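Tertiary structure, described
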Amino acid sequence: MEKLHKHFIRIRKLLDITFFRILFFIVLGAVLFTAMYSQVKPEKLDVGLFSVADQTIRSPGTVEDKKSTEKKRKEARDQVQPVYTLKNEYTQNRVDLITSIFSATTEVNDEIKEEIKKQEELATVEKPAKGEPSVSEKVTRLKAKLTSGVSKDLPGQVFSSLVQASNDELSIAKDLTVTAINNVMTKRIPGDEVENAKKRVEEELKYTSLNDSLGTAAIELGRYAVIQNEFYDPAATEDLRLQAAENVEHVKILQGQIIVEEGKLINQDIYQQLKLVGLLNNEKSFKPFIGLVVLIIIILSAVYYYFYQMKSLPEQRQTFLLLYGIIFILSILIMKLVSLLQIFNYAGIGYLFPAAMGGMLIKILIDEKLAILTAIIMAVCGSVLFNEGVTGTLNFSEGIYILFSALAGILFLSGQNHRSKILQAGSIASLVNLLTIVALMFLPNGQFSGIEYGYYLITALVSGIGSAVLTIGLLPFLEASFGILSTMRLIELSNPNHPLLRKILMEAPGTYHHSVMVANLAESACEAIGANGLLARVGSYYHDIGKTKRPNFFIENQMHHDNPHDRLPPDKSSHIILAHVTDGSAILKNYHMPKEIIDIAEQHHGTTLLKFFYHKALQSDAETKESDFRYPGPKAQTKESAIVGIADSVEAAVRSLSQPTPELIESLVNKIVADRLQDGQLNECDITIKEIETVAHTLCETLKGIFHSRIEYPEMTKKKVKQA
């Protein structure tokens, strides 16, 4: 039942965490949508057809005018002339036809001659030769060799003239006719030019050496042969028209293009363009809404993924998530307030936004990578929020300005985490702001007056310095509200002028020196395994603050004094020694020190045994309980606490050696680490065996550097001899 109850509690915690995350991202998305929707909501103009424009209207985006494009394409198609194809094969066909007619006539003449010759050879007195056939018979025989179409199309006089001519005359007539036909039909002859072509053939054959009858027949044959050889090609014509239509560029209304100038009449074409670009009847337009939702989803997904893969405890991750949400929402609200000043129509009013503030706060309190991601997100949001007076939805100049300003604040704060350095980072951000503005002004070859340059200089300075001032002002509240122990806070706590450190130095100087040595050892060991070295150093400074309550009872503060433990029983001595942990915790809590520092003070001894007084007590009372001589704990919960505890024991042990050698130091360190492991003091923190080995090796190397052998100079040796 107990295991089931614990499992139920664990599930409930996970559900609570899941519910918190869902609620967090819903709130974050709602803030982003509320802040940016008014800037992307389509503008609706109160204009009517044939009214006069009261302002110059520009296109908010690039849109294709499909109607105008189609109109231009139709015009391009109509301008394409019909394509006519020249049928060159027709010329040869007609030439071959006329040639075949002359050839058939020649064959008829040859056949008749052959028949007459045979008749003459076979002729007798009883059966004399018949003689040459009549013209009509010859014509009949000629038509029999030709097609019926040719026989019908040509007049009978042509055939009569042909059969009456000799072969030589036919040969001359054929050559003349074919030449004339070829000359005429090699040129284009459309349907309406056929008669003119026939006349050209007739003209060529009119003045020849042929007799009248044969010449007339040649002319008739030439006119018959000439036909139309140029025909309309619908496929080629359509191809040309399609090509002409495709070559027409799309008619587009470009972003920023003036649709109508102030005082001009809004005619039908202009009214159609206004409607096309979405400046009329926009109450039904959901595209900007959908686009903004998608943009917000991308932003929230990036933030969610970062926190999802963050390597930290769930409670700490929840704290960081809530802290990030507050900083992010605060930055968006400030950005929104500055964007409202755009109603005054001051160019570049968005440059006043303290762009570096959010990035520097997140860099100091959470993480640098998250700060860079936030800078990119802020640049995107700023390009939307500061889009007044620009064509389109995004003001890229403002986005670039915010990105560069935020990155400058983040990067130049890196490694300089003193609170006084924030102003320096803000000053550098101001310089970057100014250079960015100069670049954005000069790139488009803009012309600006001296007053405008001065105005932009002021906005750049206000943005950078304002970011630093807001960061310094908000940092203490955020640190106190969330209990965040930032790097800057740790550096402040490491200041020797801190009241508690001065208290240790004045009241327990030996403990102060011991704490400084432990700090050096712990910091180097933590950095070797990737833990927080600065936290270990600062925690080491305060880990023995409880010894200031009774400083003389601790050996490091007993210079030239008797040891009071020599006069006390072991149980009382152990009580005093053990009490320095609880006393230190009480002092630190009284000074409202960070929880991490208090934890190190409480956990650096864990529940280890005070062996010296325990064994001393056993000598007088064998029934002495070991638990009475153990520190109250708890055991180390973090790597930093564990390492500070090991470094504390190692430093005290090595300091007790009269002649520490490298071998002796290494043996002592390994023994102390092994004792901690065997005693289970490292069981409750997430340090690994490999990391423990690295810690031991680093401690040995650091101690060897501190306790290295020194050269004994001759003068010193000589002086010692004299003293001896």
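All values derive from a computational prediction rather than experimental measurement.

Let's talk about the overall build of the protein
- Along the protein, the regular secondary structure elements total 29 helices and 6 strands.
- The buried share of the protein, reckoned over its 724 residues, is 42%.
- Residue pairs in contact within the protein that sit at least 24 positions apart in sequence constitute 79% of those at least 6 positions apart.
- A total accessible area of about 40200 Å² is found for the protein, and carbon and sulfur atoms account for 57% of it.

Details of helix α26 (residues 639-655)
- Under the 1.5 Å per step criterion, the end-to-end length of α26 is 24 Å for 17 residues, consistent within 8% with the ideal 24 Å.
- The buried fraction of α26 is high, at 14 of 17 residues.

Looking at the side chain of His-580
- Tracing the chain through its elements places His-580 in helix α23 (residues 570-590).
- Separated by 2.6 Å, the side chain of His-580 and the backbone oxygen of Ile-577 make a polar contact.
- Residue contacts for His-580: discarding those within four places in its chain leaves Asp-544, Gly-546, Lys-547, Phe-554, His-604, His-605 and Tyr-631.

Comments concerning a negative patch on the surface
- Together, Asp-110, Glu-114, Glu-120 and Glu-121 give the surface a local cluster of negative charge.
- Residue class for Asp-110 comes out partly exposed when judged on its relative accessible area of 39%.

Remarks on the environment of Pro-570
- Looking at where Pro-570 falls in the secondary structure, it is placed in helix α23.
- Given a relative accessible area of 13%, Pro-570 falls into the buried group.
- For Pro-570 and Ser-620, which are 50 residues apart along the polypeptide, the C-alpha to C-alpha distance reads 9.4 Å.
- Those residues in contact with Pro-570 that sit more than four places away from it in its chain are Phe-613, Lys-616, Ala-617 and Phe-629.

Description of unusual backbone geometry
- A cis amide bond, omega 5°, links Gly-633 with the succeeding residue Pro-634.
- Tracing the backbone through its elements, the reader meets Pro-634 in the loop between α25 (611-620) and α26.
- At His-592, a position not held by glycine, the phi torsion is positive, near 55°.
- Within the element layout of this structure, His-592 appears in the loop between α23 and α24 (595-603).
- By relative accessible area, His-592 is classed as exposed at 68%.

Quick look at the packing of aromatic side chains
- Applying the stated criterion to the full structure yields 14 aromatic pairs.
- An aromatic cluster is defined as three or more aromatic residues linked by ring pairs; in this entry it consists of Phe-24, Phe-25, Tyr-304 and Tyr-308.

Quick word on the nonpolar core
- Grouped together as the largest cluster of nonpolar side chains are 67 residues, with contacts concentrated most on Leu-32, Phe-307, Tyr-324, Leu-365, Ile-366 and Ile-402.
- Broken down by secondary-structure element, the contributors of at least two residues to this core are α1 (2-40), α12 (287-308), α13 (314-339), α14 (355-365), α15 (368-385), α16 (396-413), α17 (421-442) and α18 (450-482).
- In terms of residues, this core owes the most to one element, α13, which gives 11 residues.
- For Ile-366, the contacting residues outside a window of four places in its chain are Met-310, Phe-320, Leu-323, Tyr-324 and Leu-361.
- The next biggest cluster of nonpolar side chains, apart from the first, holds 52 residues, and it includes Leu-490, Ile-491, Leu-535 and Ile-587.

Topic: α24
- Burial analysis of α24 places 7 of its 9 residues in the buried class, the great majority of the element.
- Among the residues of α24, Ile-597, Ile-598, Asp-599, Ile-600, Ala-601, Glu-602 and Gln-603 are the ones counted as buried.
- Those residues of α24 that are buried lie in contact with α19 (487-493), α22 (533-542), α23 and α26.

Here we look at the pattern of salt bridges
- A complete count under the given rule lists 26 salt bridges for this structure.
- As a salt-bridge pair, Lys-145 and Glu-111 come within 2.9 Å of each other at their nearest N and O atoms. Of the two residues, Lys-145 sits in helix α4 (residues 135-145) while Glu-111 sits in helix α3 (residues 88-122), which places them 34 residues apart along the sequence.
- Look at Lys-145 and you get partly exposed, because its relative accessible area is 35%.
- For Arg-141, the salt bridge goes to Glu-115, with nearest N and O atoms at 2.8 Å.

Some thoughts on the packing of helix α6 (residues 156-164) against helix α9 (residues 212-225)
- Relative orientation of the contacting elements α6 and α9 amounts to 130°, with a least axis distance of 9 Å. Classified by the angle between their axes, α6 and α9 sit oblique to one another. Judged by the sense of rotation from one axis to the other, the crossing of α6 with α9 is left-handed. Between α6 and α9, the residues in contact are Gln-157, Val-158, Ser-161 and Leu-162 and Ser-213, Leu-214, Ala-217, Glu-220 and Leu-221, respectively.
- Classifying every residue of the contact of α6 with α9 by side-chain character gives 5 nonpolar, 3 polar and 1 charged.

Regarding the packing of helix α27 (residues 662-678) against helix α28 (residues 689-706)
- At a minimum axis separation of 9 Å, α27 and α28 run at an interaxial angle of 150°. Here α28 runs roughly antiparallel to α27, going by the angle between their axes. Crossing of α27 over α28 shows right-handed handedness. Every residue of α28 that contacts α27 at Pro-662, Ile-665, Glu-666, Val-669, Asn-670, Val-673 and Leu-677 is listed here: Ile-689, Ile-692, Ala-696, Leu-699, Cys-700, Leu-703 and Lys-704.

Points about the side chain of Thr-608
- Structurally, Thr-608 is set in the loop between α24 and α25.
- Within polar-contact distance, the side chain of Thr-608 engages the backbone oxygen of His-605 at 2.8 Å.
- Setting aside anything within four residues of it in sequence, one finds Thr-608 in contact with Phe-629, Arg-630, Tyr-631, Arg-676, Asp-679 and Gln-681.

Some thoughts on the environment of Ser-397
- Checked against the element boundaries, Ser-397 lands in helix α16.
- Since its relative accessible area comes to 29%, Ser-397 is described here as partly exposed.
- Sequence spacing of Ser-397 and Thr-436 is 39 residues, and the spatial spacing of their C-alpha atoms is 9.2 Å.
- Not counting chain neighbours up to four residues away, the residues in contact with Ser-397 comprise Tyr-351 and Leu-440.

Some remarks on a nonpolar patch on the surface
- Together, Phe-286, Phe-289, Ile-290, Val-294 and Ile-298 make up an exposed nonpolar region whose accessible area comes to about 500 Å².
- Tracing the backbone through its elements, the reader meets Phe-289 in helix α12.

Digging into the environment of Asn-433
- Its place among the elements puts Asn-433 in helix α17.
- Along the chain, Asn-433 and Phe-404 lie 29 residues apart, while their C-alpha atoms are 7.3 Å from each other.
- The residues contacting Asn-433, other than those within four sequence positions of it, are Tyr-401, Ser-405, Ala-460, Ser-463 and Gly-464.

Details of the confidence of the model for the protein
- On average, residues of the protein carry a pLDDT of 83, and 88% of them reach 70 or more.
- Counted against residues more than four places away or in other chains, residues 1-8, with its pLDDT under 50, gives 0 contacts.

What counts and how
Residues numbered from 1 in each chain as written. Predicted model: local features only at pLDDT ≥ 70, side-chain atom pairs only at ≥ 80, totals over all residues. Heavy atoms only, no water. Helix = DSSP H or I, 4+ residues; strand = E, 2+ residues; numbered from the N terminus. Buried < 20%, exposed > 50% of the residue type's maximum accessible area, 1.4 Å probe, protein only. Contact = heavy atoms within 4.5 Å. Areas by Shrake-Rupley, 256 points an atom, 1.4 Å probe, with all protein chains shown as cover. Expected span 1.5 Å × (residues − 1). Polar contact = N/O pair within 3.5 Å; in protein donor to acceptor, adjacent residues only side chain to side chain. Patch = residues over 30% accessible without salt bridge, like charges linked within 9 Å, V, L, I, M, F, W, Y side chains within 5 Å. Salt bridge = Lys/Arg side-chain N within 4 Å of Asp/Glu carboxyl O. Lys, Arg positive; Asp, Glu negative; His and termini not counted. Charge placed at Lys NZ, Arg CZ, Asp CG, Glu CD. Phe/Tyr/Trp six-rings, centres within 6.5 Å; stacked < 30°, edge-to-face > 60°. Core = buried A, V, L, I, M, F, W, Y, C linked by side-chain atoms within 4.5 Å. Axes fitted to C-alpha atoms, helices over the stretch in contact; angles between N-to-C directions. Parallel < 35°, antiparallel > 145°, perpendicular 65-115°, else oblique. Left-handed = near helix turned anticlockwise from the far one by under 90°. Nonpolar A, V, L, I, M, F, W, Y, C, P; charged D, E, K, R; others polar. pLDDT = per-residue confidence, 0-100.

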